[in-house]
Structure formats: C-alpha cells, structure tokens
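Structure assessment
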Amino acid sequence: MSTEWGALSQWHQDEKAWWNMYGDYMTYQWQLTPYLHRVIREPLEREYVDYLLKPGGRLLDLGCGGGWLSFHFAERGMSVLGIDISKEQINAADALKAKRKVENVSFACADFLDWDSGSYQGHFDSVFVSAFLHHLPESELELTLKKIGSVVKPGGRVFMYEPLTTVISRSLAIKLIDRVCSAALLVLLDKLPKWLGLISERHGAEVARGYTMTSPHERPVNVDLLKNFCANEFESVEIRGWHLHSLGFSMQVTALKEPAKRYYEPLGRIWYGIDRILFRYFGWESFSSPGRFILCSIKLAKR
Ligand SMILES: C[S@@+](CC[C@H](N)C(=O)[O-])C[C@H]1O[C@@H](n2cnc3c(N)ncnc32)[C@H](O)[C@@H]1O
C-alpha cells in the first residue's frame, strides 16, 4: 500500500517538476503557429466554446497550464477558476491575466487530486479538461472523474480533449495506411530537418537542456475505462476523433526555423484534411495502437 502511495506521489512530483521546467516551451509548441492554430484548433475551439459557454455561469479549467484557454470563457462573461499543479504555469497564467486585464478569472496552484473541493460541491456550470487527464495515473482515473462530477451542477457540462486509446485488431488496410503515414512523417519531421539544418536555435537549446515533447508519465487514456467510470457520474458520453497525425506534425513545425515553417505549414493543413477523411471513413478507434496519441473530444452531461 505504502509502496503504491510512494509511486503515485513520485508520479505527481515528476509531472510537477517537468511542467515547472518545460511548461513555457511546451505551451509555445502546443499553441502552434498562428496559421496552423487557425486551421487545426479553431474548429475544435468552436466546439468546446459552444458546448461549455454559459454567460454569467462558472467554469473550472482543470490543468489550465498557462491559462490561455480560460480566456475563451472569461472574456465571454463566465467566472473562471483555473487550477494547475505547476507554479510556473500558474505564474504564466497570472501574467496573462494582468496583460489581458480580465477580472473574472483566477488561477490556483494545486494538485487536483489533493485540491480541497469541499466548498465547490455542485458549484460549476461547466468543466473544461484540455490535455490534463492523460497526465494522471490510470489508477486515479475513477477518483478524478468522481471529483470532477462532484463539483459540477446537475445538468452541468464537461468537455474533455484528450488522447485516447482502445484495444482493437487493425485491418490490413489500416496497417498499410499507417506504414505510409509513418514513413512520410519520418522523412518530413526527422530526416529532412536534420539534413537541411532546419531546426530552430530555440528548439535546439531546449532539447539540449533535456526537453522532450512528452512529460515523464503521459500516455493515452484507456477509453473503455473512461466510459465505465463516466457512467457513474454522467448521463451521456459523446466521443469524437479530432487529430491523428496533424497535431503532432503541427507542433513539430514550431521547432523549425522561420523560413522552413512557411513551407511546412500547408503540409499541416493537408495532414489535418487526411485525419478528417480517415476518421470519417474508418473511425478513430481503427488507428489505435499502444502509446499512440489520438486526440479526441469527450462531451459529458452531469445527471
Ligand atoms: C498539456 S498541459 C495542458 C494545459 C492546458 N489545459 C492546455 O490545453 O493548453 C497539462 C497540464 O496539466 C497540469 N497537471 C498535470 N498533473 C496535474 C495534477 N495532478 N493536478 C493539476 N494539474 C496537473 C500540468 O502542469 C500541465 O500544465
């Protein structure tokens, strides 16, 4: 029991240390270039704003990072609380608040699992969970969903955007598509930038100080477990695949020198188009394989 507790505590400490150290650069990559942000993120943004926005209501932004997404709601009249385990990320969020001069948003540094939610029972109209859940140990998934459920009002809404995985046996066609995509990505994102010296100085410096594009323990969330645990708290679960290769590709575009970015950006748009076609015809689950990050939205409504 105590060994398990020790391992969980270590997990949280590792994540916290990583986000304190690299959160700033990760956020830069995660936000994408302005062009790719418009193409790849704005359709998703419309989806979660439509689902969660309730002017005059309260929203919890869970694992808010540098806080940039909280403003979609605060600037449209919601009262927003963002919480994050990393002090550096919360400092960045507070700095953004000062810059944007928005009053109805506040940020708190806390580990969600330890956060005292006692005075927030049934408090929020909406909870936004963007790329947070997959940083937690699987053994804490049930407790996390329970805690999220406890702070949402009856009839309130939760929107998650997370990498999901499931167990499937992949067809020959899918394996073939995967091979072709992997080969193309290897050439475009690994070989070419190295051969042609396209990596930016900033990215090189971050890698030199230990940055990798993934935090120590992150891994896709098991969708079957997620559905199971959600069934206790929420009345419906709606899942939609958004990004297969396009998001990772677009994040890596930010690692390139300025002129190279301009050549790569249209390719990011093409990957996004390919993702949409593949998901429409085969469904996101068909591409699932252990460790692959397939980014999906999950819409939940509280009983
Ligand atoms: C990928 S970032 C997402 C940030 C933001 N939601 C976004 O989409 O831009 C994941 C965030 O989760 C935070 N995090 C990880 N474990 C956490 C925990 N146990 N409690 C609160 N925040 C946590 C990290 O510090 C990090 O800022």
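Above this text you will find the structure in question.
Residues numbered from 1 in each chain as written. Predicted model: local features only at pLDDT ≥ 70, side-chain atom pairs only at ≥ 80, totals over all residues. Heavy atoms only, no water.

1. A closer look at the packing of aromatic side chains
- The final tally for this structure, using the stated rule, is 22 aromatic pairs.
- The interplanar angle of 40° and the centroid separation of 4.5 Å between the aromatic rings of Tyr48 and Phe128 together place this pair among those described as tilted. Separated by 80 residues along the polypeptide, Tyr48 in helix H2 (residues 34-52) and Phe128 in strand S4 (residues 124-130) bring together distant segments of the chain. Each of the two residues, Tyr48 as well as Phe128, counts as buried.
- Through pairs of rings, three or more aromatic residues link up here, namely Trp18, Trp19, Tyr22, Tyr25, Tyr28 and Tyr211.
- One Lys or Arg, Arg41, reaches over the ring of Trp30 and ends 4.3 Å from the middle of that ring. (Phe/Tyr/Trp six-rings, centres within 6.5 Å; stacked < 30°, edge-to-face > 60°. Helix = DSSP H or I, 4+ residues; strand = E, 2+ residues; numbered from the N terminus. Buried < 20%, exposed > 50% of the residue type's maximum accessible area, 1.4 Å probe, protein only. Lys NZ or Arg CZ within 6 Å of the ring centre and 35° of its normal.)

2. Examining a nonpolar patch on the surface
- On the surface, a nonpolar cluster with roughly 350 Å² of combined accessible area is contributed by Ile277, Tyr281 and Phe282.
- By the element assignment, Phe282 lies in helix H10 (residues 258-282). (Patch = residues over 30% accessible without salt bridge, like charges linked within 9 Å, V, L, I, M, F, W, Y side chains within 5 Å. Areas by Shrake-Rupley, 256 points an atom, 1.4 Å probe, with all protein chains shown as cover. Salt bridge = Lys/Arg side-chain N within 4 Å of Asp/Glu carboxyl O.)

3. Remarks on the site of the ligand
- As a matter of local geometry, the ligand sits amid 20 residues, with Gly63, Trp68, Asp84, Asp111 and Ser130 nearest to it.
- Between the ligand and Gly63, the relevant distance is 2.7 Å, taken from a nitrogen atom to a main-chain nitrogen or oxygen of the residue.
- In the environment of the ligand, an oxygen atom lies 2.6 Å from a nitrogen or oxygen atom belonging to the side chain of Asp84.
- Within the complex, 97% of the 600 Å² of free accessible area of the ligand lies under protein.
- With respect to the pocket detection grid, the ligand is positioned in the largest pocket.
- Among the elements that make up the shell around the ligand, the one with the highest residue count is helix H1 (residues 2-31) (three residues). (Near = heavy atom within 4 Å. Polar contact = N/O pair within 3.5 Å; in protein donor to acceptor, adjacent residues only side chain to side chain. 1 Å grid on protein atoms, 1.4 Å probe; cavity = no way out; pocket = protein on both sides within 12 Å on 5 of 7 lines; lining within 4 Å. Sits in = over half its atoms within 2 Å of the grid points.)

4. As for empty space enclosed by the protein
- By the definition in use, this model includes one cavity of 30 Å³ or more.
- Considered as a void within the structure, the largest cavity measures approximately 60 Å³ in volume.
- In terms of lining residues, the largest cavity is bounded by Arg41, Leu44, Tyr48, Trp68, Leu69, Phe128, Ser130 and Tyr161.
- For the lining of the largest cavity, the secondary-structure elements that each account for two or more residues are H2 and S4.
- Top element by residues in the lining of the largest cavity is H2. It accounts for three residues. (Points joined across faces, edges and corners; volume = space filled by probe spheres on them.)

5. A few points about helix H4 (residues 87-100)
- Counted at 1.5 Å a residue, the expected span for H4 with its 14 residues is 20 Å, and the 20 Å between its end C-alpha atoms agrees.
- Listing the buried residues of H4 in full gives Gln89, Ile90, Ala93 and Leu96. End-on view of H4: buried residues confined to an arc of 115°, all on one side of the axis. More than 90 degrees from the buried face of H4, the exposed residues found are Ala98 and Lys99.
- A distance of 3.3 Å separates the backbone nitrogen of Glu88 from a side-chain oxygen at the start of H4, and that oxygen is part of Ser86.
- Downstream of H4 by one or two residues, Lys101 has phi in the positive range, about 55°. (Expected span 1.5 Å × (residues − 1). Arc of directions from axis to C-beta.)

6. A few points about helix H6 (residues 172-196)
- Between its first and last C-alpha, H6 extends 35 Å over 25 residues, near the 36 Å set by a 1.5 Å rise per residue.
- The principal kink in H6, of about 35°, is found at Val187.
- By the burial criterion, the buried members of H6 are Ile174, Asp178, Cys181, Leu185, Leu188, Leu189 and Pro193.
- Contacts made by the buried residues of H6 are with helix H9 (246-253) and H10. (Bend = angle between axes of the 7 residues up to and from the residue. Contact = heavy atoms within 4.5 Å.)

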